[in-house]
Amino acid sequence: MLSERRLEVLRAIVQDYVGTEEPVGSKALTERHRLGVSPATVRNDMAALEEEGFIAQPHTSAGRIPTDKGYRLFVDRLAGVKPLSTPERRAIQNFLDGAVDLDDVVGRTVRLLAQLTRQVAVVQYPSLTRSTVRHVELLSLAPARVMLVLITDTGRVEQRMIDCPAPIGEISLADLRARLNSRVVGRRFTDVPQLVADLAESFEQEDRGTVSTVLATLLETLVEETEERLMIGGTANLTRFGHDFPLTIRPVLEALEEQVVLLKLLGEAKDSGMTVRIGHENAHEGLNSTSVVAVGYGSGDEAVAKLGVVGPTRMDYPGTMGAVRAVARYVGQILAES
């Protein structure tokens, strides 16, 4: 266990290195922070921190920089979440309130996160497996052709064209729409197959084939959409941190192009709490020089997806965590109201 003083020295090193981008020496620490001890004592504390792997000496510099282990301790023990100012919160709300549909919400969220944190922003579309049905619309396009429109509680819209085995009249179609919605509205996607299992049998013999075709298309739509979608923005922000990536920025950019990697980075939607992965805690080799801050968002108590940012390990963790949490909260409110 580190003493309180050594924790304070580590906190000061992290804050100075994040702020100045320069390795930190004992003289600078005693000048900039009220540590209440001499530079010699600070030097001893820094030697102890280095021995335990919390800080390291890059090349021949006289100063020290935090290691992944040092950042981890800083985030777990020393860093609070920095709240956003009132003008910042108002700006977030005004920007997101202008969104017209789900794609627009996700697009605006990505731009906003990238601007607020000056990192790469990643936003996952709400997962259909965790969504509920808001409405199913059936529109007649021709006597035997129907368009199915599925609308989720998060505002996601899926459309499918259906070629029916026989013509279906407006009255029968309206009847099917009403009966279908009475069973599935407000229910989880995962519950829908069971809820509509015997629906076709409740219709007249001549309509059963068409009803079965419509239901089969609905169930296919629910299954098809398990592949999750992401939006990413602010990749150009990484070029500002060129010297934070030991060899080249290329492995980071290549990793960010892989959707599977990004989904793993964000983690499971059901883990809605704030997660911070630092450096080598990221399984993907290309992201060993980055940190990821992610949190769940949703239209109630339950998260339906994740959003977060990717940046260098030399990151303003309190500010980034505050921005990510605030944006997730506003997106959740918008989904709840939409």
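One structure accompanies this document, and this report is about it. (Residues numbered from 1 in each chain as written. Predicted model: local features only at pLDDT ≥ 70, side-chain atom pairs only at ≥ 80, totals over all residues. Heavy atoms only, no water.)

A separate point is the overall build of the chain. The helix and strand tally for the chain stands at 12 helices and 10 strands. In terms of its C-alpha atoms, the chain occupies a principal-axis envelope of roughly 90 × 40 × 35 Å. Here the chain, with 338 residues, has 49% of them falling under the buried criterion. Considering only residue pairs separated by 6 or more positions, the chain has 61% of its internal contacts joining residues 24 or more positions apart. Accessible area for the chain stands at about 16,300 Å²; split by element, carbon and sulfur atoms hold 50% of it. (Helix = DSSP H or I, 4+ residues; strand = E, 2+ residues; numbered from the N terminus. Buried < 20%, exposed > 50% of the residue type's maximum accessible area, 1.4 Å probe, protein only. Contact = heavy atoms within 4.5 Å. Areas by Shrake-Rupley, 256 points an atom, 1.4 Å probe, with all protein chains shown as cover.)

We now examine unusual backbone geometry. The phi torsion at E21 lies on the positive side, around 65°, for a residue other than glycine. Along the polypeptide, E21 turns up in the loop between α1 (4-20) and α2 (26-32). We classify E21 as partly exposed; its relative accessible area is 38%. Positive phi, normally seen in glycine, also occurs at R118, with a value near 55°. Judged by relative accessible area, R118 falls into the partly exposed class, the value being 46%.

Counting residues in each nonpolar core, the largest one holds 58 residues, and the members touching the most others are L29, Y297, L307 and Y317. Contact partners of Y317, with chain neighbours within four places excluded, come to Y71, F74, V75, V276, I278 and S291. With 24 residues, the next largest nonpolar core counts I162, F203, V211 and L222 among its residues. (Core = buried A, V, L, I, M, F, W, Y, C linked by side-chain atoms within 4.5 Å.)

We now examine the pairing of strand β10 (residues 305-312). For β10, the buried fraction is high: eight of the eight residues fall into the buried class. Here strand β9 (residues 290-297) runs beside β10; their pairing, made up of eight bridges, is antiparallel. By the bridge assignment for β10, A294 is matched with G308. (Pairing = 2+ DSSP bridges.)

Glancing now at the sheet that holds strand β3 (residues 120-124). Strands sit in the order β7-β3-β10-β9-β8 across an open sheet of five strands; the sheet is antiparallel. With partners counted over all chains shown, the strands left at the sheet margins are β7 (230-233) and β8 (275-278), one partner each. The sheet shows a mean angle of 15° between the axes of neighbouring strands, taken without regard to direction. Pairing analysis gives four bridges linking β8 to β9, with the strands arranged antiparallel. What sits directly across from V276, in β9, is V293. (Axes fitted to C-alpha atoms, helices over the stretch in contact; angles between N-to-C directions.)

Let us now look at the packing of aromatic side chains. Counting across every chain of the model gives one aromatic pair. Residues Y71 and Y317 carry aromatic rings whose centres are separated by 5.6 Å and whose planes lie at 50° to one another, so their mutual orientation is tilted. In this pair, Y71 sits in helix α4 (residues 68-78) while Y317 sits in helix α12 (residues 317-337), placing the two residues 246 residues apart along the sequence. Assigned by exposure class, Y71 and Y317 land together as buried. Positioned over the ring face of F54 is K69, at 4.6 Å from the centre of the ring. Here the basic side chain of R229 rests over the ring of Y125, its NZ or CZ set 4.0 Å away from the ring centre. (Phe/Tyr/Trp six-rings, centres within 6.5 Å; stacked < 30°, edge-to-face > 60°. Lys NZ or Arg CZ within 6 Å of the ring centre and 35° of its normal.)

Here we come to α1. Counted at 1.5 Å a residue, the expected span for α1 with its 17 residues is 24 Å, and the 24 Å between its end C-alpha atoms agrees. Taken together, the buried positions of α1 are occupied by L7, V9, L10, A12, I13, V14, D16, Y17 and V18. Among the structural elements, α2, α3 (39-51), β1 (55-56), β2 (65-66) and α4 are those in contact with the buried residues of α1. Directly after α1, the chain includes E21, whose backbone phi takes a positive value near 65°. (Expected span 1.5 Å × (residues − 1).)

What follows concerns the packing of α4 against α12. Viewed as axis vectors pointing N to C, α4 and α12 meet at an angle of 55°, and their least axial separation amounts to 11 Å. If you check the angle between α4 and α12, you find them oblique. When you trace α4 past α12, the crossing you get is right-handed. Contacts between α4 and α12 involve Y71, F74 and V75 on the former and, on the latter, Y317, P318 and M321. Residues of the contact of α4 with α12, tallied by class, amount to six nonpolar, no polar and no charged. (Parallel < 35°, antiparallel > 145°, perpendicular 65-115°, else oblique. Left-handed = near helix turned anticlockwise from the far one by under 90°. Nonpolar A, V, L, I, M, F, W, Y, C, P; charged D, E, K, R; others polar.)

These figures capture arrangement, not role.
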